[in-house]
Amino acid sequence: MQRIITTDDLREAKQHGAPDFPMKFYIDDTREFYNNRLDWHWHNEFEILTISEGTAIVHIDSHSFTLNSGEGLFINSSILHQFASESYAIMPNILFSPAFIAPVQSTIYQKYVAPIEDSTLSYLIFRPNIMWHKQILELLHSLFYQLSQETFNELYIRTLLSEIWLIMLEYIEPSLIKRENSARIDFSYKSVPVMIQYIQIHYADEITLKDVAAAAKVSKNTAIRYFNARIGCSPIDYLIQYRISIACRLLRETADKVTHIAASVGYTNTSYFCRLFKKTVGLSPKEYRFL
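Worth saying up front: this structure is predicted, and the values here are computed from it rather than measured.

Each value, and the rule that gives it
Residues numbered from 1 in each chain as written. Predicted model: local features only at pLDDT ≥ 70, side-chain atom pairs only at ≥ 80, totals over all residues. Heavy atoms only, no water. Helix = DSSP H or I, 4+ residues; strand = E, 2+ residues; numbered from the N terminus. Rg over C-alpha atoms; globule rule 2.2 N^0.38 Å. Buried < 20%, exposed > 50% of the residue type's maximum accessible area, 1.4 Å probe, protein only. Contact = heavy atoms within 4.5 Å. Areas by Shrake-Rupley, 256 points an atom, 1.4 Å probe, with all protein chains shown as cover. Lys, Arg positive; Asp, Glu negative; His and termini not counted. Charge placed at Lys NZ, Arg CZ, Asp CG, Glu CD. Expected span 1.5 Å × (residues − 1). Core = buried A, V, L, I, M, F, W, Y, C linked by side-chain atoms within 4.5 Å. Polar contact = N/O pair within 3.5 Å; in protein donor to acceptor, adjacent residues only side chain to side chain. Salt bridge = Lys/Arg side-chain N within 4 Å of Asp/Glu carboxyl O. Pairing = 2+ DSSP bridges.

K.L.:
Summarise the overall build of the chain; cite the residues concerned and give the values.
P.N.:
Assigned secondary structure in the chain consists of 11 helices and 9 strands. The C-alpha radius of gyration computed for the chain amounts to 20 Å, which stays within 12% of the reference 19 Å derived for 291 residues, consistent with globular compactness. Its C-alpha atoms give the chain principal-axis dimensions of about 60 × 40 × 35 Å. In the chain, which comprises 291 residues, the share counted as buried stands at 48%. Restricting to contacts in the chain with at least 6 residues of sequence separation, those with at least 24 account for 71%. As displayed, the chain has an accessible area near 14800 Å², and 52% of this comes from carbon and sulfur atoms. The centroid of the 28 positive side-chain charges in the chain is displaced by 8 Å from the centroid of its 31 negative side-chain charges.

K.L.:
Describe in detail helix 8 (residues 235-253), supporting the description with residues and values.
P.N.:
Compared with an ideal rise of 1.5 Å per residue, which puts 19 residues at 27 Å, helix 8 spans 27 Å between its outermost C-alpha atoms and is within 8% of the ideal. Within helix 8, 14 of the 19 residues are buried, which leaves it mostly tucked inside the rest of the structure.

K.L.:
So what's going on with the nonpolar core? Which residues, and what values?
P.N.:
Core analysis: the biggest nonpolar cluster contains 38 residues, and I196 and F273 have the highest contact counts within it. Broken down by secondary-structure element, the contributors of at least two residues to this core are helix 5 (188-202), helix 6 (209-215), helix 7 (220-230), helix 8, helix 9 (258-264) and helix 10 (270-281). Ignoring any residue separated from it by four or fewer positions in sequence, one finds F273 in contact with I244, A247, V258, I261, A262, V265, Y267 and P285. Formed by 34 residues, the second largest nonpolar core is a distinct cluster that contains F74, F100, Y109 and I164.

K.L.:
Go over unusual backbone geometry, please, and point to the residues and values.
P.N.:
Positive phi is not limited to glycine here, since S78 has a value of about 65°. Within the secondary structure, S78 is located in the loop between strand 6 (72-75) and strand 7 (81-84). A residue is classified by how much of its surface remains accessible, and S78, at 23% relative accessible area, is partly exposed. Even without being glycine, K217 reaches a positive phi, approximately 60°.

K.L.:
Please set out the side chain of H43 residue by residue, giving values where relevant.
P.N.:
Note that H43 resides in the loop between strand 2 (37-41) and strand 3 (46-50). Looking at H43, its side chain comes within polar contact range of the main-chain oxygen of E45, at 3.1 Å. A polar contact is formed between the side chain of H43 and the side chain of H81, at a distance of 3.4 Å. Excluding residues that lie within four positions of it along the chain, H43 makes contacts with E12, S77, S78, H81 and L95.

K.L.:
Quick rundown of the pattern of salt bridges? Include the residues and the values.
P.N.:
Summed over all chains, the structure comprises 3 salt bridges. For the salt bridge of R31 with D29, the shortest nitrogen-to-oxygen distance reads 2.8 Å. Assessed through its relative accessible area of 11%, D29 is described here as buried.

K.L.:
Summarise the pairing of strand 6; cite the residues concerned and give the values.
P.N.:
Both faces of strand 6 are covered, namely the face carrying G72 and F74 and the face carrying L73 and I75. By the bridge criterion, 4 bridges tie strand 3 to strand 6 in an arrangement that is antiparallel. Bridge assignment links E47 to a residue of strand 6, and that residue is I75. Relative to strand 9 (residues 123-126), strand 6 is paired through 4 bridges, and the arrangement is antiparallel. Across the sheet, the residue bridging to G72 is F126, located in strand 9.

Below you can see the structure in the form of structure tokens.
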């Protein structure tokens, strides 16, 4: 099974591409990740993906939406996101440095790349029933096909990406790419990933809201406010969701008793765990195991 390796603030630790060609092509299959989930992470690179098969549930900050086969997505630099699927999703995708389009010192970068990178625009969804979205999806299909070959023309790759970028700039609502540097220094951008990482490391322990808040050196009220703004739920709700997701995997992949699984995800009271599991999943642990 694969998993996203991150630093303490949930930045993806993996390097994407090389200094002389700062782009990397992947084909992610949610079934290769625990719980069909590519968990919360962010990276400095831009990301563009399509769904070639299946359906993905996407979480970006406090927004959640579904992407179906044939649809696509752009994610801005440094944006916290997560992918999951109830069945599976195959997602061809590229991650590329903003400087891949043009050097940072260049006029092209300052006029056409930085306004998006520094804006409050978190993401764009591409759906084939909108003409300019369809154009981008067709270009992405060509781009991904070229990148999937054993050898490819690097200049042609950048040309295709530049075409995509030009279409985005032409049709994006100008108000969405107005530079708002203050949004990038919002303390929640750094605090929430730290708290999520703390929960993911200590979920099996008896942790409280005070513990989670202390990990990011904020008050309990601030922790709740930041989580609601970035993730759309409270820290304790996220803790419960994370614990239950681990329990679901253990129920599917092991023969461990429910009592043991409950304890392994932080619940010494098995009856309480079962009630919480049914409230969250809609089934009892035993019903879920024998689905």
